[in-house]
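Residues per chain, in single letters:
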Amino acid sequence: MATNEEEMEEARRTLCLVAGSLPPPHAVLDLLSVGVCVRCIFRLFGVHGRAYSCPLITNAILQSFLEEQDKFHGDNEENGVASDGITRCAYTSRDTENVQEYCSICLGILQLSLHQDREPTKGVPVDDFTAAIAELVKQEDYDIDGFSFEVSIPPVIMANERAIRLYMKNKYECEEWFSTKFLCERISVKDALRSSITASLEKHLDVISGVDSFRIRLTYSHLEASRSLQSSLANDLPCKRAKTGSKDNVVKADGSHEKPLRDSDEQSCSESDAVVLRAVAGMQDHVFCERFKLPPEKTSKSCHLITTCYRVPMYVGGRYLKISRKVSQTRWVIDDERMGEASVEEIIGKNVLAVCRGDSYKFHAAGREDIDVRMLGSGRPFLIEISNARCIPSKVDIELIAEKLNRNDQKYVRVRNLTLIGNEAWTLMREGEAEKQKQYAALVWFPRPLTDDDLQKLSSLENMDIVQKTPIRVLHRRSQLERKRTIHWMMIERISGCSQYFLLHLCTQAGTYIKEFVHGDLGRTHPSIGSILGCRAEILQLDVVDVKMDLFA
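- The name an unreviewed UniProt entry assigns to the protein is tRNA pseudouridine(55) synthase, from the organism Musa balbisiana.

## With respect to the overall build of the protein
Right, on to step 1. A count of helices and strands for the protein gives 18 helices and 22 strands.
Right, on to step 2. Expressed as a percentage of its 553 residues, the buried residues of the protein come to 47%.
Right, on to step 3. Across the protein, contacts joining residues at least 24 apart in sequence account for 77% of those joining residues at least 6 apart.
Right, on to step 4. Summed over all atoms, the accessible surface of the protein reaches about 28300 Å², with 48% contributed by carbon and sulfur.

## Here we look at the side chain of His222
Right, on to step 1. Mapped onto the secondary structure, His222 falls in the loop between β5 (214-221) and α10 (223-232).
Right, on to step 2. A relative accessible area of 5% means that His222 is categorised as buried.
Right, on to step 3. At 3.0 Å, the side chain of His222 forms a polar contact with the backbone oxygen of Lys301.
Right, on to step 4. Apart from residues lying up to four places away in sequence, His222 is in contact with Leu107, Pro154, Thr299, Lys301, Ser302 and Cys303.

## Some details on helix α6 (residues 126-139)
Right, on to step 1. In a regular helix each residue adds 1.5 Å, so 14 residues correspond to 20 Å; α6 covers 20 Å between its end C-alpha atoms and thus fits that length.
Right, on to step 2. When α6 is considered as a whole, its buried residues turn out to be Val126, Phe129, Thr130, Ile133, Ala134 and Val137. End-on view of α6: buried residues confined to an arc of 130°, all on one side of the axis. Of the exposed residues in α6, the ones pointing more than 90 degrees away from its buried face are Lys138 and Gln139.
Right, on to step 3. Just downstream of α6, Asp141 is the residue with a positive phi angle, here 60°.

## Observations regarding the pairing of strand β20 (residues 498-509)
Right, on to step 1. Inspection of the sheet shows strand β17 (residues 437-445) paired to β20 by nine bridges, in the antiparallel sense. Its bridge partner being in β20, Lys438 is matched across the sheet by Thr508.
Right, on to step 2. Relative to β20, strand β19 (residues 482-495) runs antiparallel, the two sharing eight bridges. The residue bridging Ile495 from the neighbouring strand is Cys498, located in β20.

## A closer look at the nonpolar core
Across soluble globular proteins, you tend to see nonpolar side chains buried next to one another.
Right, on to step 1. Core analysis: the largest hydrophobic core is formed by 81 residues, its most contacted members being Phe42, Ile109, Met168, Ile216 and Tyr220.
Right, on to step 2. It is helix α7 (residues 156-172) that provides the largest number of residues to this core, a total of nine residues.
Right, on to step 3. With sequence-adjacent residues up to four places away left out, Ile216 is seen in contact with Ile133, Val137, Phe147, Ser148, Phe149, Glu150, Leu201, Leu205, Thr307, Thr308 and Cys309.
Right, on to step 4. Counting 64 residues, the second-largest nonpolar core is a separate cluster that includes Phe382, Ile386, Ile421 and Ile539.

## Some thoughts on the environment of Thr451
Right, on to step 1. Turning to its location among the elements, Thr451 is positioned in the loop between β17 and α16 (452-459).
Right, on to step 2. A relative accessible area of 38% means that Thr451 is categorised as partly exposed.
Right, on to step 3. Along the backbone, Thr451 and Ser499 are 48 residues apart, and their C-alpha atoms lie at a distance of 9.8 Å.

## Looking at the confidence of the model for the protein
Right, on to step 1. Of the residues in the protein, 86% have a pLDDT of 70 or more, and the chain-wide mean is 86.
Right, on to step 2. Taken together, the stretch residues 75-87 has pLDDT below 50 and engages in 13 contacts with residues farther than four places along the chain or on a different chain.
Right, on to step 3. Low pLDDT (under 50) marks residues 261-268, which in the prediction has twelve contacts with non-local residues, meaning those over four places away or in another chain.

## What to know about the sheet that holds strand β4 (residues 208-209)
Right, on to step 1. Taken in spatial order, the four strands of this open sheet run β4-β3-β5-β8, and their pairing is mixed. On the outer flanks of this sheet lie β4 and β8 (304-311), each paired with one strand and no other.
Right, on to step 2. Inspection of the sheet shows strand β3 (residues 146-152) paired to β4 by two bridges, in the parallel sense. Bridge pairing in β4 links Phe147 to Ser209.
Right, on to step 3. Of the strands in this sheet, β3, β4 and β5 touch helix α9 (residues 189-205), which is tilted by about 150° from β3.

What counts as what
Residues numbered from 1 in each chain as written. Predicted model: local features only at pLDDT ≥ 70, side-chain atom pairs only at ≥ 80, totals over all residues. Heavy atoms only, no water. Helix = DSSP H or I, 4+ residues; strand = E, 2+ residues; numbered from the N terminus. Buried < 20%, exposed > 50% of the residue type's maximum accessible area, 1.4 Å probe, protein only. Contact = heavy atoms within 4.5 Å. Areas by Shrake-Rupley, 256 points an atom, 1.4 Å probe, with all protein chains shown as cover. Polar contact = N/O pair within 3.5 Å; in protein donor to acceptor, adjacent residues only side chain to side chain. Expected span 1.5 Å × (residues − 1). Arc of directions from axis to C-beta. Pairing = 2+ DSSP bridges. Core = buried A, V, L, I, M, F, W, Y, C linked by side-chain atoms within 4.5 Å. pLDDT = per-residue confidence, 0-100. Axes fitted to C-alpha atoms, helices over the stretch in contact; angles between N-to-C directions.

See below:
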């Protein structure tokens, strides 16, 4: 462990390295006097690298360093005016200690302030700050091999930075250093924060940061400053209308169901911030100077920090076979009464969720079948989307899930080719849904025996187009539409000893209502088996025997 003397020496070496990027001492001292923190000074002048993570570079250390520089004109100044006529700033670190605690630009973000029990603490060492984050990750019991950062900051930070830049421009634009150093590429608060804490957090978590499914999110807010900013921009912000929610069914770890709003609080906040940012960015300099104080007022209240960690949704996919005619694809409740004995969604989803230790799951499938329709053959492609999984299942874990499902005594559902897959499967499934063909086998009853000519008439039809209006049985939950579908081929097979019962095999375009194609749905599907043969036709049982998609085949 480094001693305090070693850390101080490291801080001075770091300052020597970045000194060439900084403006003359009087300009730096001016920034310190108006409440700008060291890390914000670094990033305003494009400083990169380890300077941000150096633990002992504080306002006082920076001041001490500047006093040692030959460029410091303390001996030649009187009442803040140097011999060259340029106004200097007489600043001491005690100014900020007595007046404020937090940076007038970043509001404490880059000073690494922490909130404990809702009471903010002053800036803490980098190692203590990252230790608190690492402890949260460990408490949540995530299995991780890497992480990536997400940082959210309030728009007032951008407004504060612009106020400081205009303040410096108005005061120092005529000085030679201004155009070469102050107009350089700046480092954002977010990137400066990442540079400050990444290495230390990697050490605490013993993993490397990068592009990863596990995210650590630092969300900063400052209610008082944000309200003041919005008040200043009241005439520039449009009114927003509330959005309606989505109908995605989410099954939480405790088995309860919810239908979340698509515009969650977090999304709404992000959209609101974007509107404010656009308003600030689009304001001309002279208008900004009229509405905002230059430099911004000093503050004794830091941003509030909420630290969260989560894993982006992960997917387990495969194909399912539904053997029972008493099992729905998804949980089905009518007037608080459960329909069917179980659902494919719950049988598979609960088993996957338990292994992944996620918060909730969603079930997605390439189409659906009615509760009384079996799904046979090679099965139907599906995805289980796990939210915030604490554990990424191994290949062995996936095999054990499949084995457990396939050995279940109830024999409701079977799975094939179960695998952990990236979110590209979602795109493949959506594309396949529109293009896929489906093959069926149906037990059909006719009021009269069918002749060989009848059988030949049906079997000779290929790529026949039909028109289907929304079936009567689903009109209560689906809009009235007219759909064109294609029947690719049909074959009808006699059942030995039964003159009025036949086995119908057919292949159709995805989205065809098979039951209605058989009986005609009171003329809402045309042509139908009944209209082609000129007699009544009733479907007694239906099985899906093949879903023609490459996914998980």
